[in-house]
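A structural walkthrough
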Amino acid sequence: DSVLFVRDSLRVAGMFTGAGGTSISEVDSLKFELEVSRAAFNRTRSQQALLRAQASLNEVLGYPSSTVIVPDSTLSVERQFIDVDRGVAAATANRWDYVLATMAVENRKMGLRDAHRTSPVTVSVNTTIGFDGSARSDGASASLREALDGQNRSQNIVLGISIPVFDRFEERNAIGRAQNDLRVAESNLAEQRRQLENEVRLSAQRVANASLQLDLAERQSLITRRTLDIQSARFARGEITSVELVIDQANQRQAEIGLLQAQVELLTANEEWRRAIGEPRK
């Protein structure tokens, strides 16, 4: 588009040559050739970048490598208000990595509680029930009660308890391991909390910077477009040379590219913010 515009502008400038205007200088011709070479180089590089992007997209979506996907070129940029404190609260509630770290601490606390409850004291019970009673009755229940009440030999229960007085190494070792596991889990949780807060704050700062960059890019695009309209009218009247027009046109094209990049940056920043706070996909 840039080359075609410059070519048409030079043709218009050539129309003023026979009417007493100035002829196209050698510098203008060289500038045009430079613009042609530069456009061809950019077009080749952009085509290669497009092929790489299409190949990566086909690989992600599982399509054949020869598939050509035509995306929607219309960008819908969403500007959102960022509250860091609410973002941190949402991240702690929604992000599974933080939830798992919290659950690990709770599990280690229960492990320490069980370690304290586990005692090295052992209890052994040996029972012997003697029975030689007899009874006669019409009902089974009454006969059983009569037989138990009338037995001659008493019940014998032997209860043994072993309490280590001087050596409780296993108990202390289990408690020590449980305490160490709890400290590690709490340290991991604290580190996870710091990483989460830093990620949320950096994401919020990126969204704010991307929004500011988009405002500046929109202003630059507006200024360069208005400048190009004025310069085009001046060139048509023969008031400026084609070189000045080429420069203004390049500035306007660069501003358009900068605007697209700013829009993509804001979209990427918004997506990073959603991932940072653990917002589910719609």
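Positions within a chain are numbered from 1, following the residues in the order the chain's sequence is written. Predicted model: local features are reported for residues with pLDDT of at least 70 only, side-chain atom pairs are reported and counted for 80 or more only, and whole-chain, interface and lining totals are derived from all residues. Computation of side-chain values: all heavy atoms of the structure, hydrogens and water removed.

What follows covers the overall build of the chain. The way it works is that DSSP assigns letters per residue, a run of H or I at least four long becomes a helix, a run of E at least two long becomes a strand, and they are numbered from the N terminus. Helix and strand content of the chain: seven helices and two strands. Reading the chain from its N end, one meets helices and strands in the order α-α-α-α-β-α-β-α-α. Only protein chains enter the accessibility calculation, which uses a 1.4 Å probe; a residue whose area is less than 20% of its type maximum is buried, one above 50% is exposed, and one in between is partly exposed. Counting over 282 residues, the chain shows a buried share of 23%. Pairs of residues are marked as contacts when any of their non-hydrogen atoms sit within 4.5 Å. Long-range contacts, defined as pairs at least 24 residues apart, comprise 78% of the intrachain contacts of the chain with a sequence gap of at least 6. Computed with the Shrake-Rupley method and a 1.4 Å probe, the accessible areas treat only the protein chains shown as cover for residues. With an accessible surface of roughly 20200 Å², the chain has 54% of that area assigned to carbon and sulfur atoms.

Averaged over the chain, the pLDDT score is 79; the fraction of residues at 70 or greater is 72%. The least confident element of the chain, judged by mean pLDDT, is helix H1 (residues 2-15) at 57; the most confident is helix H6 (residues 169-236) at 90. Counting interchain partners and residues more than four positions distant, the pLDDT-below-50 stretch residues 15-22 has four contacts. Every residue gets a pLDDT, meaning the predictor's confidence in that residue, from 0 to 100.

A few words now on the side chain of Thr92. Residue position: Thr92 is located in helix H3 (residues 84-94). When its relative accessible area of 19% is taken as the criterion, Thr92 is described as buried. Residues adjacent in sequence count toward polar contacts only when both atoms are side-chain atoms; beyond that, a polar contact is any pair of N or O atoms within 3.5 Å, and within protein one must be able to donate a hydrogen and the other to accept it. Of note is the side chain of Thr92, whose polar atom sits 2.7 Å from the backbone oxygen of Ala89. Not counting the four nearest positions on each side in its chain, Thr92 is found in contact with Tyr98, Val99, Arg193 and Leu196.

What follows is about the pattern of salt bridges. By salt bridge we mean one thing: a side-chain nitrogen of Lys or Arg within 4 Å of a carboxyl oxygen of Asp or Glu. Using the criterion set out here, one finds twelve salt bridges in the structure. Salt-bridge contacts for Glu218 lead to Arg79; the nearest nitrogen and oxygen are separated by 3.5 Å. Of this pair, Glu218 sits in helix H6 while Arg79 is found in the loop between helix H2 (26-61) and H3, placing the two residues 139 residues apart along the sequence. The exposure class of Glu218 is partly exposed, given its relative accessible area of 37%. Here Arg86 ties to Asp83 by a salt bridge, and the two come within 3.5 Å at their closest N and O atoms. Among the charged side chains, a salt-bridge network with shared partners connects Arg79, Asp215 and Glu218.

With that settled, consider the nonpolar core. What is meant by a nonpolar core is a set of buried Ala, Val, Leu, Ile, Met, Phe, Trp, Tyr and Cys residues, joined one to another through side-chain atoms within 4.5 Å. If you look at the biggest cluster of nonpolar residues, it comprises 27 residues, and the most contacted ones within it are Leu196, Val200, Val207 and Trp273. Looking at this core, the elements with two or more residues in it are H3, helix H4 (96-117), H6 and helix H7 (242-277). At twelve residues, the largest contribution of residues to this core is made by H6. With sequence-adjacent residues up to four places away left out, Val207 is seen in contact with Ile82, Leu266, Ala269, Asn270 and Trp273.

On to H6, then. By definition here, a helix of n residues has an expected span of 1.5 Å times n minus one. End to end, H6 covers 98 Å across 68 residues, agreeing with the expected 100 Å (1.5 Å per residue, within 8%). Following H6 by one or two positions, Gly238 has its phi on the positive side, about 80°.

Moving on: the side chain of Ser203. Residue position: Ser203 is located in helix H6. Relative accessible area serves as the criterion here: at 0%, Ser203 is assigned to the buried category. When near neighbours in sequence (up to four residues on either side) are disregarded, Ser203 contacts Glu272, Trp273 and Ala276.

On to the environment of Leu189, then. Within the element layout of this structure, Leu189 appears in helix H6. Considering only alpha carbons, one finds Leu189 and Val105, 84 residues apart in sequence, at a separation of 7.5 Å. Non-local contacts of Leu189, meaning those with residues more than four positions away in its chain, are made with Tyr98, Ala101, Thr102 and Val105.

Turning our attention to a nonpolar patch on the surface. Side chains of Leu57, Val60, Leu61 and Tyr63 sit close together on the surface and give an oily, nonpolar patch of about 400 Å² of accessible area. Structurally, Leu57 can be placed in helix H2. Nonpolar side chains (Val, Leu, Ile, Met, Phe, Trp, Tyr) are joined into patches within 5 Å and like charges within 9 Å, using only residues with over 30% relative accessible area and no salt bridge.

Attention now moves to H4. A rise of 1.5 Å per residue sets the reference length of H4, with its 22 residues, at 32 Å; its end C-alpha atoms lie 31 Å apart and thus fit the reference within 8%. If you check which residues of H4 are buried, you get Tyr98, Ala101, Val105, Leu112 and Ala115. Buried residues of H4, seen end-on, are gathered within an arc of 100° and therefore sit on one face of the element. Summarising the geometry of H4, the exposed residues directed more than 90 degrees from the buried face are Trp96, Leu100 and Arg117. In this structure, the buried residues of H4 make contact with H3 and H6. For this quantity, the arc is that covered by the directions from the helix axis to the C-beta atoms.

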